[in-house]
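Here's the letter readout for the chains.
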Amino acid sequence: MITFKNFFFDSISFLIFIFLLLGCDKKNNSSPEFYNNEVDTSSITPAESFALTMVDNFIGEEDEDLSDYLENEIYPLVSKSEKVIIDKISTSLYILTYIENGNEKNFLIEKFYNPIKDEVSFSKKEINQSARKLFLNLENK
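So, here's what we can say about the structure. As the structure is a prediction and not an experimental result, all values here were calculated from the model.

The topology assignment puts T97 in strand β2 (residues 93-100). Its relative accessible area of 7% is what places T97 among the buried residues. A distance of 2.7 Å separates polar atoms of two side chains, one belonging to T97 and the other to N106. Other than its neighbours up to four places away in sequence, T97 contacts K83, V84, I85, E104, K105, N106, S130 and A131.

And the structure:
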């Protein structure tokens, strides 16, 4: 005779079996994907290397628009520099400082979005102070 207790136990066992069967579906061949952030530096130009270093290492994010701007517009200006630094001031402002022939030069780089053309653009303006001097209030230190 089937009792309620046996029926309940059999039903629960059957449901657990179905969930285990569905959970162990062998048709799903997905495996974790790992992305390699390392770039083959032997196949990139010095301008690309400069842009990747500034954006990925100094700013610590991926911004293809900024990377393209630095590669095409800024690199020709700073390619003979002894030192180059970029600081992110906000989501749309950067200060780029470079040393050339012992002289410090600074650009304020501003990022814009044009909704009419649906494109991102940049402008640069030469300024007198680096981010270090502006924010740390240092005088030639």
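Now that the structure has been shown, we can carry on.
So, on to a nonpolar patch on the surface. Among the surface-exposed residues, I89, L134, F135 and L136 lie close enough to one another that they form a single nonpolar patch of about 390 Å² accessible area. Inspection of the secondary structure assignment puts F135 in helix α4 (residues 131-136). A relative accessible area of 54% means that F135 is categorised as exposed.

Unlike most non-glycine residues, N101 shows phi in positive territory, near 55°. Inspection of the secondary structure puts N101 in the loop between β2 and β3 (103-114). Given the relative accessible area of 68%, N101 is considered exposed. A positive phi angle, close to 55°, is found at D118, a residue other than glycine. Considering the arrangement of structural elements, one finds D118 in the loop between β3 and β4 (119-127). The exposure class of D118 is exposed, given its relative accessible area of 55%.

Its 15 residues place the ends of helix α3 (residues 64-78) 19 Å apart at the C-alpha level, agreeing with the 21 Å of an ideal helix rising 1.5 Å per residue. Considering bend angle alone, the principal kink of α3 is centred on E71 and spans about 40°. All of the buried residues in α3 are L66, S67, Y69, L70, I74 and V78. The backbone nitrogen of D65 has a side-chain oxygen 3.2 Å away, supplied by the residue at the start of α3, namely D63.

Glancing now at the packing of helix α2 (residues 46-59) against α3. Geometrically, a packed helix pair is captured by the angle between its two axes and the distance between the axes. The interhelical angle for the contact between α2 and α3, taken along N-to-C directions, is 120°, at an axis separation of 8 Å. What the angle tells us is that α2 and α3 run oblique. Here α2 and α3 pass one another in a crossing that is right-handed. Contacts between α2 and α3 pair P46, A47, E48, F50, A51, L52, M54, V55 and I59 from the former with L66, S67, L70, E71, I74, Y75 and V78 from the latter. Grouping the constituent residues of the contact of α2 with α3 by class yields 13 nonpolar, one polar and two charged.

A few words now on the side chain of N106. Here N106 shows up in strand β3. Judged by its relative accessible area of 0%, N106 falls in the buried class. A distance of 3.5 Å separates polar atoms of two side chains, one belonging to N106 and the other to E104. Ignoring anything within four residues of it in the chain, the contact list for N106 reads L96, T97, K125, E126, I127, N128, Q129 and S130.

Cut-off values and rules
Residues numbered from 1 in each chain as written. Predicted model: local features only at pLDDT ≥ 70, side-chain atom pairs only at ≥ 80, totals over all residues. Heavy atoms only, no water. Helix = DSSP H or I, 4+ residues; strand = E, 2+ residues; numbered from the N terminus. Buried < 20%, exposed > 50% of the residue type's maximum accessible area, 1.4 Å probe, protein only. Polar contact = N/O pair within 3.5 Å; in protein donor to acceptor, adjacent residues only side chain to side chain. Contact = heavy atoms within 4.5 Å. Patch = residues over 30% accessible without salt bridge, like charges linked within 9 Å, V, L, I, M, F, W, Y side chains within 5 Å. Areas by Shrake-Rupley, 256 points an atom, 1.4 Å probe, with all protein chains shown as cover. Salt bridge = Lys/Arg side-chain N within 4 Å of Asp/Glu carboxyl O. Expected span 1.5 Å × (residues − 1). Bend = angle between axes of the 7 residues up to and from the residue. Axes fitted to C-alpha atoms, helices over the stretch in contact; angles between N-to-C directions. Parallel < 35°, antiparallel > 145°, perpendicular 65-115°, else oblique. Left-handed = near helix turned anticlockwise from the far one by under 90°. Nonpolar A, V, L, I, M, F, W, Y, C, P; charged D, E, K, R; others polar.

Note that every value here comes from positions in space, so none of it alone points to a role or purpose.
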